[in-house]
Amino acid sequence: MNKMRNAALAGAMAMAWALPAQAEQLIYGFQAEQLEYRLGDDEDTIVWDFDALIGTDELKLVWRSEGERVQGAGGFETLENQLRLQFPISTFFDAVVGVQANTPDGLPDRYNAVLGLKGLAPQWFEIDADLYLSDNSFFRFEGEYEAMLTNRLVLTPSLELTLPLQDDPIYNQAAGGVTLEAGLRLSYDLIDRAVSPYVGVNYERSYGGTADLIRAAGDENGTFSVVFGTRLMF
Amino acid sequence: MPPIAPLRAAVASAALVLSAASAAQAGTYDITVDKIRIDAGKFRKSGVGYNNSQTPTILRFKEGENVTLNVTNNLREDTSIHWHGLILPFDQDGVPKISFDGIKPGETFTYNFPIKQAGTYWFHSHSGFQEPDGAYGAIVIEPKGGERVRADRDYVVQLTDTHPQRGKRIMRNLKMSADYYNRSQRTLQDLIKDSGDIGLKAALEDRKMWGRMRMMPTDVEDVQGFTPMINGESTDQNWTGLFKPGEKVRLRLINSSAMAYFDLRIPGLKMTVVQADGNDVKPVMVDELRISVAETYDVIVQPKENRVYSIVAESMGRTAMVRGTLAPREGMAGPVPAMREKPRLTMADMGGMMGGMGMEGHVMQSAAKPLDDMSGMDHSQMNTQPKPMAGMDHSQMGGTTPAPKAEAAPMDHSTMTGTDQPMAGMDHSQMTQTAPAPQAKAAPMDHSTMTGMNQPMAGMDHSNMTSSGNSMAGMDHSAMTNAKGQGDPFYAPGSGLTPKAANGGKFLSYDDLTARKPLYKDRPATREIELRLTGNMERYIWSINGKKLSEAEPIVLKYGERVRFKFVNETMMSHPMHLHGMWSILDTGKGQYDPIKHTVSVAPGTTVYTETEVDVTGQWAFHCHLSYHADAGMFRKVVIEGGPA
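Residues numbered from 1 in each chain as written. Chains lettered and ligands numbered in written order. Predicted model: local features only at pLDDT ≥ 70, side-chain atom pairs only at ≥ 80, totals over all residues.

Brief notes about the overall build of chain A
Stated formally: Only runs of H or I of at least four residues qualify as helices and only runs of E of at least two qualify as strands under DSSP, and these elements are numbered from the N terminus. Atoms counted for the radius of gyration: C-alpha only. Globule rule: 2.2 Å times the number of residues to the power 0.38. Between the buried cut of 20 or more and the exposed cut of 12 or fewer other C-beta atoms within 10 Å of a residue's own C-beta lies the partly exposed class, and all C-beta atoms are placed from the backbone. In this description, any two residues whose backbone-derived C-beta atoms lie within 7 Å of each other are considered to be in contact.
Looking only at helices and strands, chain A features 2 helices and 13 strands. Taken against the 2.2 N^0.38 rule, which gives 17 Å for 234 residues, the C-alpha radius of gyration of chain A at 23 Å runs more than 25% over that of a compact globule. Dimensions of chain A, computed from C-alpha atoms along their principal axes, come out at roughly 90 × 45 × 35 Å. Looking at chain A as a whole, 25% of its 234 residues are labelled buried. Contacts in chain A between residues at least 24 apart in sequence constitute 43% of all its contacts with a sequence separation of at least 6.

Structural data, given as structure tokens:
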């Protein structure tokens, strides 16, 4: 009996030294900040913005997809897909490196390297700041705040700012000509935080050279839309 | 003879105290591990249970018995059983990868060990999230020569926090969003209410302060939405223990929750605590007690009236409660009182995060950053804080007190008790020269008697404190003076978590626990090991000394030594720390009469000391017993060097 126990002890010791004591399970999930129908003046669009991720505390691989599909005539007005590696650099912030494919209909494809920061700023602002680097580089900042009206009813103001660093006339982008998108969405956590339907408004407007290019193309600058959709988290 | 109880009471093991007729020195017990359906009343879920039941199995052993336990795994995944609190050979301890390989699907594993102790314990799976999913049971060990405290009835009251979701899913959701289950966050309504109480400016300042740290004062329970149960029965299912008026009833309270601490009381009855974590303590009479996750308390109650009594257990965060019943006959249900107000954390509970320590944690840990953020904090604003600030923690006076560590209360205001004099003119300039207090105390300045005060500290101006220590003249602490024993030294002074009895009576403190008989001779510890309890709430990473289990070397102890563990809680949550295989002697300043425990809760912003006689060999687990904290990394392997081969 004693001998067996000693053997077991030695065996278990050897085994435990050889193996990590406990493997952490993989983190994976899907999070759509926006999945919505936009009612515009001229056209309606379906818009999404989601992250699908897999990884660990130390490193996550994220597929980020953002797109706008015009209803009726069809076609992707914007379609951006990114593969991002995300890793912590401070208590509340991750660094991001990745690649982005920008492949809307009717425009040439663009590919960018991505360098960014993602995290939670003081006062609970969720921040994304990314540099997109190529021959048509641009910088994008996204900020969001969740105001808890109740523990399930949440008002979320959001702001997205895109700053072209180089001219890209085909894309109606002029260096320094900022495009601003502001939103306000009221959501209700219907099933946990997994499904949270919302209604809201969205406003997009460009400034500077970018605005000039849009006007020159005969398009409208400054589009307001009413949106309804749902946030998802699985 | 008492009446023959109906089936339910029998199943719930309403065991009458039997005479120790059978002196079996060897018992064999069969346990199956099964996939079961759990009916929590409000919801049903699929879970894991022992012997095909959601009613926890109770194993009844006798001290000195040699037990053989055949555990058959009917699951489709590995399982294990850990005998929580039992002193046994390490290869019988049931922790996969530390004690043994685990039990494969279809396998029957045989545990075999001598029972060297008596008391109330429990057992649970140590594999994955099977324990939160329902794999727990109770162990009752009768001492040699029979129970030392006479009781007419003897019931196990095993608490758990049954959640509609499976553990794996919960963990994933917490990693996706650490506040996934927090439905007690501060809302617009709270802002309006606080504005009414203390003014809009103060309410906004308070939010600004918490927002700067990206912390929530409502972060008391990080997994909410559970249904608490007693012996596998929710409030509606109403677990009932029978008594005859005048009988002494022993309740063996066990908290088998994954995450929830419970505040337990039986309105109308005093509870006499006679045992903690399986070890007898000198009887102490209380109105209410807090049972941390994985702890046990044995209490004696004596209902004298021929009426129904409620066993009321509210979760510490007041997000859920359960009612069980003590009744003179079947079919009665005790009243369900309204749940008390939710506690809010205070700056005192942040104490450990701001004391100037813990800078070396890796980038994902919160140790360094919040400190930076706090350095600019203006204490003059605190005067206008709402009531959660009552009993303000002075450990934040980083600029005042050179002592960087929040321990050894150099300044003890407990002597204020009863003096009832205004503290005007008090000179705090001597603060650092006072002799350290002997016990685990939270803050450099101990205002323990302030605890329980529920008023804004308006009028107390600390605005000058950051520049010098001796300008506190004029500070009036007289209002803080309170009845002796109101402060609990195991909470940071002014902590929002300091418990209070619902009836205003006695609430059990660790400080009240005194070993009935010393288990070991008192001797100085051979060395001290500091374990800072650390974490990153936002990322849901929990760690010890800034390192997760996966990043850390084992703790190496030497056979025969007496090691002193210093737990410094640098997080905002309470952590019930459980060392396997060896006793944790909780330092309450009573020497050899310090209580002997297997699980010790360390409240936010406090430092707690335990001592352990390393009298076993092998390797063991040492972890926070909150299931999701343990899994996230607040876990260590302990390896013991030397000892008999």
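Considering the sheet that holds strand β13 (residues 262–265) of chain B
Residues and elements named next belong to chain B. Our working definition: Note: two strands are recorded as paired if DSSP finds a minimum of 2 bridges between them. Simply put, an axis is a line fit to the C-alpha atoms, just over the touching stretch for a helix, and the angle between two N-to-C directions goes from 0 to 180 degrees.
Here we have 5 strands laid out as an open sheet, ordered β11-β19-β18-β13-β16, and mixed in their pairing. The two strands at the open ends of the sheet, each matched to only one other strand, are β11 (240–242) and β16 (288–291). For this sheet, the mean inter-axis angle between neighbouring strands, taken without regard to orientation, is 20°. Summarising the sheet, β13 and β16 pair through 4 bridges and their orientation is antiparallel. Following the sheet pairing, Asp263 is matched in β16 by Arg290.

Some remarks on the sheet that holds strand β2 (residues 44–50) of chain B
Residue and element names in this part refer to chain B. Spatially, β2-β1-β4-β6 is the arrangement adopted by the 4 strands of the open sheet, whose pairing is mixed. Each edge of the sheet is formed by a strand with only one pairing partner; in this case those strands are β2 and β6 (108–114). Along the sheet, successive strands turn relative to each other by an average axial angle of 20°, direction set aside. Relative to strand β4 (residues 66–73), strand β1 (residues 26–39) runs parallel, the two sharing 8 bridges.

Digging into the pairing of strand β6 (residues 110–121) of chain A
Regular strands have side chains that alternate between both faces of the sheet. Residue and element names in this part refer to chain A. Bridge analysis of strand β5 (residues 93–102) against β6 gives 10 bridges, and the strand direction is antiparallel. Its bridge partner lying in β6, Asn102 is registered against Arg110. Bridge analysis of β6 against strand β7 (residues 125–133) gives 9 bridges, and the strand direction is antiparallel. Counted as the bridge partner of Leu117 is Ala129 from β7.

Here's the deal with the UniProt feature "domain: Plastocyanin-like" (unreviewed entry) in chain B
Residue and element names in this part refer to chain B. Note the cut-off: UniProt positions are given in the numbering used here, feature names are shortened, and annotations may be inferred rather than shown by experiment.
In the numbering adopted here, UniProt assigns the feature "domain: Plastocyanin-like" (unreviewed entry) to residues 39–144, 229–317 and 523–641. Between the end C-alpha atoms of residues 39–144 there is a gap of 38 Å, over a span that is 0% helix and 42% strand. As annotated, residues 523–641 has a helix share of 5% and a strand share of 51%, and its two end C-alpha atoms lie 21 Å apart.

Regarding the nonpolar core
The line we're drawing: Here, a nonpolar core means buried Ala, Val, Leu, Ile, Met, Phe, Trp, Tyr and Cys residues linked by C-beta atoms lying within 7 Å of one another.
Grouped together as the largest cluster of nonpolar side chains are 147 residues, with contacts concentrated most on Ile139, Val273, Leu289 and Val299 of chain B. In this structure Val299 of chain B touches Leu251, Leu253, Met271, Thr272, Val273 and Val274 of chain B, once residues within four positions along its chain are discounted.

Some points on the domain arrangement of chain B
Residues and elements named next belong to chain B. Using the following cut-off: Reported domain spans reflect what an automatic or database domain assignment gives.
Its domain assignment divides chain B into domain 1 (18–146), domain 2 (150–184 + 220–343) and domain 3 (527–641). Taking the mean C-alpha position of each, domain 1 and domain 2 sit 21 Å from one another. Of the residues lining the interface, 26 residues belong to domain 1; the matching set on domain 2 comes to 28 residues. Elements represented by at least two residues in the side of domain 1 that touches domain 2 include exactly β7 (119–124) and β8 (136–142). A per-element tally of the side of domain 1 that touches domain 2 places β7 first, with 5 residues.

Quick look at the packing of helix α3 (residues 188–198) of chain B against helix α4 (residues 200–213) of chain B
All names here are of chain B. As a reminder of what qualifies: Angles are sorted into four bins: roughly parallel if under 35 degrees, roughly antiparallel if over 145, roughly perpendicular if 65 to 115, and oblique for all others. Throughout, a crossing is termed right-handed when the near helix is turned clockwise from the far one, and left-handed when it is turned anticlockwise from it by less than a right angle. All residues other than Ala, Val, Leu, Ile, Met, Phe, Trp, Tyr, Cys, Pro, Asp, Glu, Lys and Arg, Gly among them, are scored as polar; the first ten of these are nonpolar and the last four charged.
In contact at an axis separation of 7 Å, α3 and α4 are set at 125° when each is read in the N-to-C sense. By the angle class used here, α3 and α4 are oblique. The hand of the α3/α4 crossing is right-handed. Along the contact surface, α3 presents Leu191, Asp194, Ser195 and Ile198, while α4 presents Leu200, Ala202 and Ala203. A class-by-class count of the residues in the contact of α3 with α4 yields 5 nonpolar, 1 polar and 1 charged.

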